[in-house]
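# Fold and geometry: a report
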Amino acid sequence: MLARQRQELILEQVRERGAVRVSDLAERFGVSDMTVRRDLDVLARRRLLAKVHGGATALGVPSTHEPGFVEKSGRQQAEKEAIAAAAAELVEPGTAIGLSAGTTTAALARALLEVEGLTVVTNSMAVAEVFSAERPGRTVILTGGIRTPSEALVGPVAVAALRTLNLDVVFLGVHGMSAASGFTTPNLMESETDRALVEAGHRLVVVADSTKWGTAGISTIAELAEADVLVTDSGLDDDARAVLAGEVDQVVVAEPR
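What comes next concerns the included structure. (Residues numbered from 1 in each chain as written. Predicted model: local features only at pLDDT ≥ 70, side-chain atom pairs only at ≥ 80, totals over all residues. Heavy atoms only, no water.)

### A look at the sheet that holds strand β2 (residues 49-52)
- Ordered by their spatial adjacency, 3 strands build an open sheet running β1-β3-β2, and the pairing between neighbours is antiparallel. One side of each edge strand has no neighbouring strand; the edge strands of this open sheet are β1 (19-21) and β2. The average angle at which neighbouring strand axes cross in this sheet is 25 degrees, direction not considered.
- Summarising the sheet, β2 and strand β3 (residues 55-58) pair through 4 bridges and their orientation is antiparallel. Paired with Leu-49 across the bridge in β3 is Ala-58.
- This element, helix α3 (residues 33-45), spans β2 and β3 of the sheet and lies at about 135 degrees to β2. (Pairing = 2+ DSSP bridges. Helix = DSSP H or I, 4+ residues; strand = E, 2+ residues; numbered from the N terminus. Axes fitted to C-alpha atoms, helices over the stretch in contact; angles between N-to-C directions. Contact = heavy atoms within 4.5 Å.)

Okay, structure coming up:
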């Protein structure tokens with residue numbers, strides 16, 4: 001395959017998925033990571049995409065851009081399922097847990113359906129639907145609030161409800177994570193609500209696939225060091241793992257099938 005053909009296909013992937021990883025592209029095209037990085041350099045110089053740590057993103061995506069739940073559901077599905085399975089191993093029967101909104105936490109909800117005696121607090125309509133549809137006898141507390149594109153309920157009603165609760169562990173899905181900005185979201189109201197959820201938990205577990213590294217939303221939910229555990233996937237490169245290992249007590253790396 002000629003370099004130009006490969007670069008056109010890479011650009012199609014970026015436009016379709018919003019972000020790509022060097023390792024995934026190298027495997028797909030049967031070339032080295034260095035070859036892919038050179039392709040990304042060419043496309044970045046032409047202002048067709050933006051290079052980030054370990055990959056590239058669509059150009060000009062603002063820090064306030066918030067993809068819808070359906071759009072995000074189609075991204076990194078294997079990685080999210082692997083992360084959900086690993087995160088579910090951290091949940092003890094009979095505990096009270098919090099699940100933030102997001103496609104990864106929705107995958108985690110499905111992975112928790114067989115765990116007995118849980119009390120689940122969430123501001124995610126999608127998470128609540130998973131439990132109500134599959135296990136109607138489970139205790140699920142859904143906060144009120146204003147609905148966002150990511151199917152989250154946010155705002156003062158949600159914050160007030162969360163501030164009255166004490167949870168054993170909170171699982172937080174994020175839009176982005178970086179050394180400079182911590183764990184972030186593109187929605188200011190969702191950030192406030194997520195911070196209230198984090199404060200309600202005795203332990204914080206962040207669930208985020210590797211493409212979230214190097215991405216920053218407009219508002220920081222929590223600093224990296226506030227997470228007790230980060231569950232991510234094996235696509236995270238060594239440099240990012242080193243940074244996270246220096247900040248987070250435990251980094252769990254799940255291998256997608």
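Still to come is the rest of the account.
### Digging into the pattern of salt bridges
- Enumeration over the complete set of coordinates arrives at 7 salt bridges.
- One salt bridge in this structure joins Arg-6 and Asp-39, with 2.5 Å as the shortest N-O distance. Within this pair, whereas Arg-6 is found in helix α1 (residues 3-17), its partner Asp-39 is found in helix α3, the two being separated by 33 residues in sequence.
- Linked through salt bridges whose partners overlap, the residues forming this network are Arg-21, Asp-24, Glu-79 and Asp-233. (Salt bridge = Lys/Arg side-chain N within 4 Å of Asp/Glu carboxyl O.)

### Some points on the packing of helix α2 (residues 22-29) against α3
- Where α2 contacts α3, the axes come no closer than 9 Å and their chain directions differ by 110 degrees. Classed by the angle they form, the pair α2 and α3 counts as roughly perpendicular. Of the two possible hands of crossing, α2 and α3 adopt the one that is right-handed. Residue-level contacts link Val-22, Ser-23, Leu-25 and Ala-26 of α2 to Asp-33, Val-36, Arg-37 and Leu-40 of α3. (Parallel < 35°, antiparallel > 145°, perpendicular 65-115°, else oblique. Left-handed = near helix turned anticlockwise from the far one by under 90°.)

### Details of the pairing of strand β4 (residues 96-99)
- Covered by surrounding structure in β4 are Ala-96 and Gly-98 together with Ile-97 and Leu-99, the residues of both alternating faces.
- Alignment of β4 against strand β5 (residues 119-122), held across 4 bridges, turns out to be parallel. Within β5, the position partnered with Leu-99 by the bridge is Thr-122.
- The parallel pair β4 and β5 is bridged by helix α6 (residues 103-111), and the resulting crossover is right-handed.
- As judged from the 3 bridges shared by β4 and strand β9 (residues 169-173), these two strands associate in the parallel manner. Each bridged residue has a counterpart across the sheet, and for Leu-99 the counterpart in β9 is Phe-171. (Buried < 20%, exposed > 50% of the residue type's maximum accessible area, 1.4 Å probe, protein only. Right-handed = clockwise from strand over helix to strand, strands pointing away.)

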